[in-house]
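Residue-level structural notes
So the chains spell out like this:
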Amino acid sequence: MFEHIQAAPADPILGLNDAYKKDPNPNKINLGVGVYKDELGHTPILKAVKQAEERLLLQEKSKNYLSIEGRPNYRSAVQTLLFGKDHQIISKQLAQTAHTPGGTGALRVAAEFIKKHLPEATIWVSNPTWANHQSVFQSVGLEVGSYSYYNADSKTLDFEAMLASLSQVPEGDVVLFHGCCHNPTGIDPTPEQWYQLAKLCSKQGFLALFDFAYQGFGQSLNDDAQGLRTFLDHVPEMLIASSFSKNFGLYNERVGALTIVCETSDQAESAFTQIKRCIRTNYSNPPSHGSAVVAEILNDAELYALWESELDTMRTRIHEMRSLFVNTLRAKGVNQDFSFISQQQGMFSFSGLTPDQVAQLRNEFGIYIVGSGRINVAGMTHDNMAPLCEAIASVIK
Ligand code: PMP
């Protein structure tokens, strides 16, 4: 029965990580998979998380199933983080949130929900976008289209082209936006551009699906939510896929959320029953631990403050590495202008390195970068910066 099955190609990002692990080079550098690393190259457990876990260990009394949508104090805390505490969406109960296994789980449930209830819809993703988006949507049979986003020559957002392509999206289709820290380019719309996109969404009548995997990694928890909140000033409906893998460092606990915003609370309740059906037939109900940790932190002033300061530290370190990278490249004799990297935000940048240069960096120097040239700036440290920039200088010349 199984002998005809051909091996699937390695995942472009996770496959790279496997190759990195196997590489015996003691000076290898991993700028591939999107995981935060500290100055020592470790992916730390946040202190706020450890403290929350200590409390939970004492409090936990049962391993009984959670409900399909997850724990109530998690669901409400997610909404506060998304919309801000006094937002009318919360007071009027216009949104419903389900805990999903990571941001990927949220996207997958959203995909099934869209396929079932908006069967004619095409989903539009930015060109380029996170490598898994297309596969997740196609796996449920959705048509996936792409809209213009990035100008490879100027290394900036091609906003005119983006508006022009989104003006072609018909009513009833779905458009995926990266809430902040666009993966892979690191380039986000400005507040004014978000405003224009929101107006376009309202005019065209497409549904926005926000993929929000890096809240707090751009400017701040609130600033990073501005795009999404601007949309909500103009459109009554939205889907939001949140991930807490990065901003809580809870990668392997699989903690994320799918939120649906509707025009009325009755509609939100009704649509949410269908989201719960998708979950029930998929993984039945979510894993407990990650959401218990996040809920404990978000609902406790002391832990919240500690978490926010640790998030600031992660964000600041990445910004510092961006500047240091640009300056070190210059110091190592690279004439090509890389200054755009210090203006971008989040973990990623599109470096502009060609596939040949990426291959040479891996084969000759043990430096792992995704084939598209996307680099994870969080993989840089003061220690690996000089050898990294020397290697790049030698492949660019
Ligand atoms: N969306 C984007 C844009 C991402 O970068 C990621 C993680 N790389 C995800 C979703 C998925 O997040 P998670 O690991 O929580 O499933």
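Our structure's up above, just so we're on the same page.
Residues numbered from 1 in each chain as written. Predicted model: local features only at pLDDT ≥ 70, side-chain atom pairs only at ≥ 80, totals over all residues. Heavy atoms only, no water.

1. Quick notes on the side chain of threonine 328
Mapped onto the elements of the fold, threonine 328 is located in helix H12 (residues 301-331). The class of threonine 328 is buried, set by a relative accessible area of 13%. With near-sequence residues (within four places) excluded, threonine 328 lies in contact with Met385, Ala386 and Cys389. (Helix = DSSP H or I, 4+ residues; strand = E, 2+ residues; numbered from the N terminus. Buried < 20%, exposed > 50% of the residue type's maximum accessible area, 1.4 Å probe, protein only. Contact = heavy atoms within 4.5 Å.)

2. Focus on the pairing of strand E10 (residues 256-261)
Burial analysis of E10 places six of its six residues in the buried class, which makes it a mostly covered element. Burial along E10 is two-sided: the residues Gly256, Leu258 and Ile260 and Ala257, Thr259 and Val261 are all buried. Direction of pairing for strand E9 (residues 238-243) relative to E10: antiparallel, over a ladder of six bridges. What sits directly across from alanine 241, in E10, is leucine 258. (Pairing = 2+ DSSP bridges.)

3. With respect to the sheet that holds strand E7 (residues 174-178)
Strand order in the open sheet formed by seven strands is E2-E10-E9-E8-E7-E3-E4, with mixed pairing between adjacent strands. Two strands close off the open sheet at either side, each with one partner strand: strand E2 (95-100) and strand E4 (143-148). Each adjacent strand pair in this sheet contributes to an overall mean axis angle of 25 degrees, direction not counted. Summarising the sheet, strand E3 (residues 122-127) and E7 pair through two bridges and their orientation is parallel. Residue pairing across strands places isoleucine 123 opposite valine 174, the latter belonging to E7. (Axes fitted to C-alpha atoms, helices over the stretch in contact; angles between N-to-C directions.)

4. So, the environment of aspartate 233
With respect to the secondary-structure elements, aspartate 233 resides in helix H9 (residues 226-234). Expressed as a C-alpha distance, the spacing of aspartate 233 and lysine 116, which sit 117 residues apart in the sequence, is 27 Å.

5. A short note on the site of the ligand
Residues in contact with the ligand, as listed here, are Gly102, Gly103, Thr104, Trp130, Asn183, Asp211, Ala213, Tyr214, Ser243, Ser245, Lys246 and Arg254. Lysine 246 places a polar side-chain atom, nitrogen or oxygen, 3.0 Å from a nitrogen atom of the ligand. Burial of the ligand by the surrounding chains reaches 90%, relative to a free accessible area of 390 Å². Take the shell around the ligand: its biggest share by element is three residues, from helix H5 (residues 102-117). (Near = heavy atom within 4 Å. Polar contact = N/O pair within 3.5 Å; in protein donor to acceptor, adjacent residues only side chain to side chain. Areas by Shrake-Rupley, 256 points an atom, 1.4 Å probe, with all protein chains shown as cover.)

6. Thoughts on the pattern of salt bridges
Here the structure, examined in full by the defined rule, presents nine salt bridges. Here glutamate 296 ties to arginine 55 by a salt bridge, and the two come within 3.3 Å at their closest N and O atoms. With a gap of 241 residues between them, glutamate 296 in helix H11 (residues 289-298) and arginine 55 in helix H2 (residues 47-59) connect regions that are remote in the sequence. Look at glutamate 296 and you get buried, because its relative accessible area is 17%. Salt-bridge contacts for aspartate 300 lead to arginine 55; the nearest nitrogen and oxygen are separated by 2.9 Å. In this pair, aspartate 300 sits in the loop between H11 and H12 while arginine 55 sits in helix H2, placing the two residues 245 residues apart along the sequence. Shared partners join several salt bridges into a network, and the residues in it are Arg55, Glu296 and Asp300. (Salt bridge = Lys/Arg side-chain N within 4 Å of Asp/Glu carboxyl O.)

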